[in-house]
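Examining the three-dimensional arrangement
Given next are the chains, with one letter for each unit.
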Amino acid sequence: MILSAGTMLQDRYEILEKIGSGGMSEVYKAKCHKLNRLVAIKVLKAEFTSDAGFVSKFKMEAQAAAGLSHPNIVNIYDVVDDGDLHFIVMELVEGITLKSYIKKKGHLDARETIGIAIQVAQGIEAAHEQHIIHRDIKPQNMLISMDGKVKVADFGIARAVSSQTMNSTVVGTVHYISPEQARGGFSDERSDLYSLGITMYEMVTGRVPFDGENTVTVALSHLEEPIPVPSLLNPEVTPSLERIILKCTEKRPENRYANAADLIGDLRRALLNPDDPAVGVENDPHPELSETRYIEKKDLEVIKNRAKELKEYPVSRKARTADAKGRSDGTDQLAGAEKTTGMEKAVTFIGVAAAVLLVTGAILFFLKIGNMLTPSSQETEPSSGTETAAAAPSEEETEDEDSTLSQKEARMPLLEGKTQEEAEAELKELDLVMQIEQEASDTVPEGTVISQEKAAGEIVPRFSKVTVVVSSGSDKIDLASMGLTDMTLETAIRLLEAKGLKTSVAEEASETEEAGNIIRIEPADQAAYGSTVTIFVSTGPAVEMVLVPQLEGKTQAEASELLTAAGLVSGQIGAEHNDTVPKGQVLSQGIAADTQVEKGSAVDYVLSLGPKEPETQFLASLEASYPLMVSYGPGAGASEIQILIRLKQTVNGQVVYTKLTEPKSYSGDTMLEIRLDNIRGADGVASGEVEIVDLTNNVVLTSYNVTFTETQVY
């Protein structure tokens, strides 16, 4: 059932969007309104809901896994039945699957692989302690969150699927399946460790160890074929890590790590010491006694029967390969292979075949030395003249020369420029074993042959090893695939520095990116470890900057024209007296000339009022004495009177009074002394009267006429 955005489940979970699809379920991003958090909802597909037995098993396993709580396990919050709808509510992990991460990077270095493997193993260990086996460990079930934490998903759910059916729902799992799972036998905690070993192999090499045209072919490879040594594909794999991977992927469970805790211990030691001899060793108390392995009678019979088949039905290597692939089609052959060969038989047969090849090569080597020392040997005369590059032989010449080769010899083909797969197939046709050395190259594509140990046309013994240098791609860090421009600045810096890069931030205007967004990075594609990556951050749309013109000495009209021409406007205009700058000219400006400012800014300036003119005032003075007893008589000494002195003038036809002193109390027999200097009169009025006023009785006691003189005041 496909759910649309906005659908509510259980009146609690609002579907936001579909974020994934698997063999048995659809996964949606949703919001839990009850707890106000984002969750992931895995909805069982319709073809499974009709099987009541499967639904019951599915629910039981999911509920068991819901009891797990560990930082490296995706938490299950709820298991829900809603009619025909069966779904699991789980923790939403914002990030990327390990599978996608490997695809983006090509392959991971040893330290990164160990770091991820430790986290996965810790999650597996926590589940195993609760007697829950995953049974479907693979990179697709491992999520890397934005903070770098690794979480394992679908604990317990795989068991429900595998116990019910082995149909197309587990096609994607066969590349990581353990031998005991492939044969349908009992699987335990060590089965998860095998699958983790295959996952580590893929991390360091960028590919799974076994691939084929169908699932049966791959499953048979897990049963019969030894795991290719990871360092052949990636020479940078450390010895300790390689031994860990090979121990995890042992065919027999008893030869693997006993539990996840032992694996974690070795991983940690490998992280500290990339070549710790104690890491990944066999569980053999006497390793020095285990070099020789005797062939049991039953295994010897298998080898003889296979040798007899080859003798009676000689076919080319290609035909044998095609026949083997043909026989591998169908699940019946998968069970048959287990019955006829057995794990130990396959390993023994391969070991014997390898020993035979080594011995044959040694014999051929010594035979050649012997021929060189016999009297009948012929020495080639050196050619005279300057040595030059030999011309490429014609097709007829090559065929003629090849016809003279011994059946134990082969002519080295030209491999440079071919893919690793093409080169390996070509050498396999000649019964040559390709020994791969990887080398970083900025010019040769990854997986392409850079050079070969033996030159094209050189005669080499069949079954010998030929060293071929294959490009591992650029050793520079791929920036283009990291999606840095979609991240926040803080996240991008943290990610780059985690990759061993330095960062610097530069601001840049952008018409399309909002302020704070990353516009671009330099370099844009790749960067060497330890180099600096510049992150350009948007400051928003570009702001045009202009120069402030020189306004001082200009008139107001000229200043306004200059500002307009520069794309600026006049701000506040002040005015001040100045003895040197003529009246009407700009005395000063708020922003200095030639300063860059944002276009449209306002510029303040001050205009000169010219020299300050002197002021004129009409001033007068009065000095007089007035005995108060004149007004109140000799007996007035006991009286107290409020006296006010004021100026009376007629200004523009109206009488105006100006207070000259504050009111003051005097006794009636006081001699009033009047001394007034610089009496300020009204402008333009030349005369006035100074009045002595009795405020107590509100009468003017006397008055004095005064004359005002116009006087300049600076």
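Residues numbered from 1 in each chain as written. Predicted model: local features only at pLDDT ≥ 70, side-chain atom pairs only at ≥ 80, totals over all residues. Heavy atoms only, no water.

**Focus on the environment of Glu421**
Along the polypeptide, Glu421 turns up in helix α17 (residues 420–429). Through-space distance from the C-alpha of Glu421 to that of Thr448 is 8.8 Å; in sequence the pair is 27 residues apart. (Helix = DSSP H or I, 4+ residues; strand = E, 2+ residues; numbered from the N terminus.)

**Let's talk about the pairing of strand β26 (residues 640–651)**
When β26 meets strand β28 (residues 664–667), the two strands line up antiparallel, connected through four bridges. What sits directly across from Ile643, in β28, is Lys664. Bridge count between β26 and strand β30 (residues 687–694): six bridges; the pairing is antiparallel. Among the inter-strand pairings, Lys648 is bridged to a residue of β30, identified as Glu689. Between the end of β26 and the start of strand β27 (residues 654–659), which pair antiparallel, lie two residues, with Asn652 showing a positive phi angle near 50 degrees. (Pairing = 2+ DSSP bridges.)

**Comments concerning the pairing of strand β31 (residues 699–707)**
Both β30 and β31 contribute to a ladder of eight bridges, which runs antiparallel. If you follow Val693 over to β31, its bridge partner there is Val700.

**Regarding helix α3 (residues 98–105)**
An α-helix turns once every 3.6 residues. As a result, residues three or four positions apart point the same way. Considered for burial, the residues of α3 that qualify are Leu98, Lys99, Tyr101 and Ile102. One side of α3 holds all its buried residues, which, seen down the axis, span an arc of 165 degrees. Buried residues in α3 make contact with β7 (95–97), α4 (110–129), β8 (142–145) and α7 (189–205). Immediately beyond the C-terminal end of α3, within one or two residues, lies Gly106, with a positive phi of roughly 90 degrees. (Buried < 20%, exposed > 50% of the residue type's maximum accessible area, 1.4 Å probe, protein only. Arc of directions from axis to C-beta. Contact = heavy atoms within 4.5 Å.)

**Comments concerning the sheet that holds strand β6 (residues 85–91)**
With respect to topology, six strands assemble into an open sheet ordered β1-β2-β3-β4-β6-β5, the strand pairing being antiparallel. Among the strands making up the open sheet, the edge pair consists of β1 (8–9) and β5 (76–82). Pairing geometry for strand β3 (residues 25–32) and strand β4 (residues 37–44), over eight bridges, is antiparallel. Bridge assignment links Lys31 to a residue of β4, and that residue is Leu38.

**So, the environment of Gln572**
By the element assignment, Gln572 lies in strand β21 (residues 569–576). For the pair formed by Gln572 and Gly590, sequence separation is 18 residues and the distance between their alpha carbons is 9.2 Å. With near-sequence residues (within four places) excluded, Gln572 lies in contact with Asp604 and Tyr605.

**Looking at the environment of Gly584**
Relative to the helices and strands, Gly584 resides in the loop between β21 and β22 (586–589). Sequence separation between Gly584 and Val606 is 22 residues; the distance between their C-alpha atoms is 9.6 Å. Residue contacts for Gly584: discarding those within four places in its chain leaves Lys554, Thr555, Gln556, Leu607 and Ser608.

**Focus on unusual backbone geometry**
Most of the time, phi is negative for any residue but glycine, and the peptide bond is trans. Cis geometry is adopted by the peptide bond preceding Pro523, which originates at Glu522 and carries an omega value of 0 degrees. Along the chain, Pro523 turns up in the loop between β17 (518–522) and β18 (526–527). The phi angle at Asp11 is positive, at roughly 55 degrees, despite the residue not being glycine. Examined against the element boundaries, Asp11 turns out to sit in the loop between β1 and β2 (13–21). Backbone geometry places Asp594, a non-glycine residue, at a positive phi of 70 degrees. As for its position among the elements, Asp594 is in the loop between β22 and β23 (596–598).

**Some points on the confidence of the model for the chain**
Residue-level pLDDT values for the chain average 81, and 80% of them are 70 or greater. With pLDDT under 50 throughout, residues 284–300 is counted as low confidence; its partners more than four residues away or in other chains account for nine contacts. (pLDDT = per-residue confidence, 0-100.)

**Considering the pattern of salt bridges**
One pass over the full model with this rule turns up 28 salt bridges. A salt bridge links Asp81 to Lys59; its shortest N-O distance comes to 2.5 Å. One end of the pair, Asp81, is in strand β5; the other, Lys59, is in helix α2 (residues 52–65), with 22 residues separating them in the sequence. For Asp81, a relative accessible area of 35% puts it in the partly exposed group. Given a relative accessible area of 25%, Lys59 falls into the partly exposed group. The shortest N-O distance in the salt bridge between Arg494 and Glu490 comes to 3.9 Å. One end of the pair is Arg494 and the other is Glu490, both in helix α18 (residues 489–498) and four residues apart, which spans about a single turn. Judged by relative accessible area, which is 60%, Glu490 ranks as exposed. Taken together, the shared-partner salt bridges in this structure form one network comprising Lys105, Glu112 and Lys499. (Salt bridge = Lys/Arg side-chain N within 4 Å of Asp/Glu carboxyl O.)

**A short note on the packing of aromatic side chains**
Counting across every chain of the model gives one aromatic pair. Residues Tyr13 and Phe87 carry aromatic rings whose centres are separated by 6.4 Å and whose planes lie at 85 degrees to one another, so their mutual orientation is edge-to-face. Residue Tyr13 is found in strand β2, and its partner Phe87 is found in strand β6; the two are separated by 74 residues along the sequence. Assigned by exposure class, Tyr13 and Phe87 land together as buried. Between the NZ or CZ atom of Arg37 and the centre of the ring of Tyr77, over which it lies, the distance is 3.8 Å. Over the aromatic face of Phe536 sits the side chain of Arg520, whose NZ or CZ is 3.8 Å from the ring centroid. (Phe/Tyr/Trp six-rings, centres within 6.5 Å; stacked < 30°, edge-to-face > 60°. Lys NZ or Arg CZ within 6 Å of the ring centre and 35° of its normal.)

**Comments concerning the sheet that holds β21**
With respect to topology, three strands assemble into an open sheet ordered β21-β24-β22, the strand pairing being mixed. The strands lining the two open edges of the sheet, one partner per strand, are β21 and β22. When strand polarity is set aside, the average angle formed by the axes of neighbouring strands in this sheet is 30 degrees. Pairing of β22 with strand β24 (residues 602–608) involves three bridges; the strand directions are antiparallel. Bridging from a neighbouring strand, Ser588 pairs with Val606 of β24. On the sheet, helix α19 (residues 556–565) packs against β21, β22 and β24 and is oriented at approximately 165 degrees with respect to β24. (Axes fitted to C-alpha atoms, helices over the stretch in contact; angles between N-to-C directions.)

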